[in-house]
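# Structural characterization, general
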Amino acid sequence: RIKLSIGTKQPGNADGQFNLPSGLVFDHHRGLLLVSDTWNHRVQVFSCDDDDDGGSLVSKFGEEGNQPGQLYYPFGIAIDHDHDRILITDTSNSRVQSWSLSEQSFLSCIGHLGSGDLEFDSPQGIAIDKHHRRIVIVDSKNNRLVFLSSIDLSLLLSIGKHGSRPGEFYRPSGIAIDDRHRIIVCDSGNHRVQVLSLIDGSFLLEFGSEGDQPCQLNNPRGVCVDNQGRIIVADTINHRLQSFTHEGHHISSFDCGSESPWAVAFDEHRGLIAFTAG
């Protein structure tokens, strides 16, 4: 059941309003929900506590532009608690920005448009690999995953290329990391989810095919993993969420009505699933 809805059905740029929100992440330590307000070129931060203030705006940061500390269609967002920072894929600026988590002030940015080392083309999903001190970025239009060191943001490796075979991608989008040392990627243009080894990025399994039946997908954009290891996928064009076992077997679906879910996140402390919808 829907517990809380933030925003309005019409796009807006006032506080608490959105224009195509795309990414979101829970800050479990502070009881907050951070949302990439993509077409407003900013991030908004909300309370998600179980009280009268649940869903209230706490803060916001970012403005439109291409200078350091400015954003142009931000998409993915992740929290690196070990380094007290927020990481944002600044999609149309083809770079990744880091902001202080405690101060919400700009720290640094890395990358520019291209397909070489430390270059991106429409980066979207982003996830933190705590076990190996890495950041994994979905470099969407380059059809690959890029691994950076979380210590100094240096390039470690990249994997993937355009295609539909195992380990290949077509405009991938959302990403999550589970406690089985696996990377789960929404291979959006191929209408499937791929599961890769977190160790070396090698292919493990895939599930989904184009369609609207259970276990079929239509341009899935977002993914998260809950505290029971279930994989929850934002099945965007089918207007639903689907949950799967860690092996990719269908469990259930949640009808989002006319909404098209883009990103999905899980709050392990409160048992909440949040999703963004245009």
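Above this text sits the structure in question.
These remarks concern the structure in this document. The model shown is predicted, which means the values in this text are computed figures rather than measured ones.

With antiparallel pairing, the 4 strands of this open sheet are ordered in space as 5-6-7-8. Strand pairing shows two members of the sheet lacking a second neighbour, strand 5 (74–80) and strand 8 (106–110), which therefore form its edges. Pairwise comparison of adjacent strand axes, ignoring direction, gives a mean angle of 20° for this sheet. Here strand 5 pairs with strand 6 (residues 85–90) via 5 bridges, running antiparallel. Paired with Ile-77 across the strands is Ile-88, a residue of strand 6.

Structurally, the position occupied by Ala-265 is in strand 23 (residues 261–267). Taking relative accessible area as the criterion, Ala-265 reaches 8% and is therefore assigned buried. Taking the C-alpha atoms as reference, Ala-265 lies 7.3 Å from Val-223; in sequence the two are 42 residues apart. Setting aside its immediate chain neighbours within four residues, Ala-265 contacts Leu-24, Val-25, Phe-26, Cys-224, Leu-272, Ile-273 and Ala-274.

What follows deals with the layout of surface pockets. Looking at the largest pocket, its volume works out to about 1200 Å³. Per-element accounting of the lining of the largest pocket gives the leading share, 6 residues, to strand 24 (residues 272–277). Split by residue class, the lining of the largest pocket holds 20 nonpolar, 14 polar and 9 charged. Volume-wise, the second largest pocket comes out at about 1000 Å³. Listed by contribution, the elements that provide at least two residues to the lining of the second largest pocket are strand 1 (21–27), strand 5, strand 11 (123–129), strand 15 (175–177), strand 19 (222–225) and strand 23. Residues of the lining of the second largest pocket, tallied by class, amount to 21 nonpolar, 14 polar and 6 charged.

A word on the sheet that holds strand 22 (residues 250–255). If you trace the 4 strands from one edge of the open sheet to the other, you get 19-20-21-22, paired in antiparallel fashion. Looking along the sheet, the strands with just one partner apiece sit at the ends: strand 19 and strand 22. For this sheet the average axis-to-axis angle between neighbouring strands, irrespective of direction, equals 20°.

The next point concerns unusual backbone geometry. Its identity is not glycine, yet Asn-143 carries a phi of approximately 55°, on the positive side. Structurally, Asn-143 is set in the loop between strand 12 (134–139) and strand 13 (144–149). Of note, the phi angle at Arg-171 is positive, near 50°, even though the residue is not glycine. One can find Arg-171 in the loop between strand 14 (155–159) and strand 15. Relative accessible area serves as the criterion here: at 40%, Arg-171 is assigned to the partly exposed category.

Here is what the cut-offs are and how they apply
- Residues numbered from 1 in each chain as written.
- Predicted model: local features only at pLDDT ≥ 70, side-chain atom pairs only at ≥ 80, totals over all residues.
- Heavy atoms only, no water.
- Pairing = 2+ DSSP bridges.
- Helix = DSSP H or I, 4+ residues; strand = E, 2+ residues; numbered from the N terminus.
- Axes fitted to C-alpha atoms, helices over the stretch in contact; angles between N-to-C directions.
- Buried < 20%, exposed > 50% of the residue type's maximum accessible area, 1.4 Å probe, protein only.
- Contact = heavy atoms within 4.5 Å.
- 1 Å grid on protein atoms, 1.4 Å probe; cavity = no way out; pocket = protein on both sides within 12 Å on 5 of 7 lines; lining within 4 Å.
- Points joined across faces, edges and corners; volume = space filled by probe spheres on them.
- Nonpolar A, V, L, I, M, F, W, Y, C, P; charged D, E, K, R; others polar.

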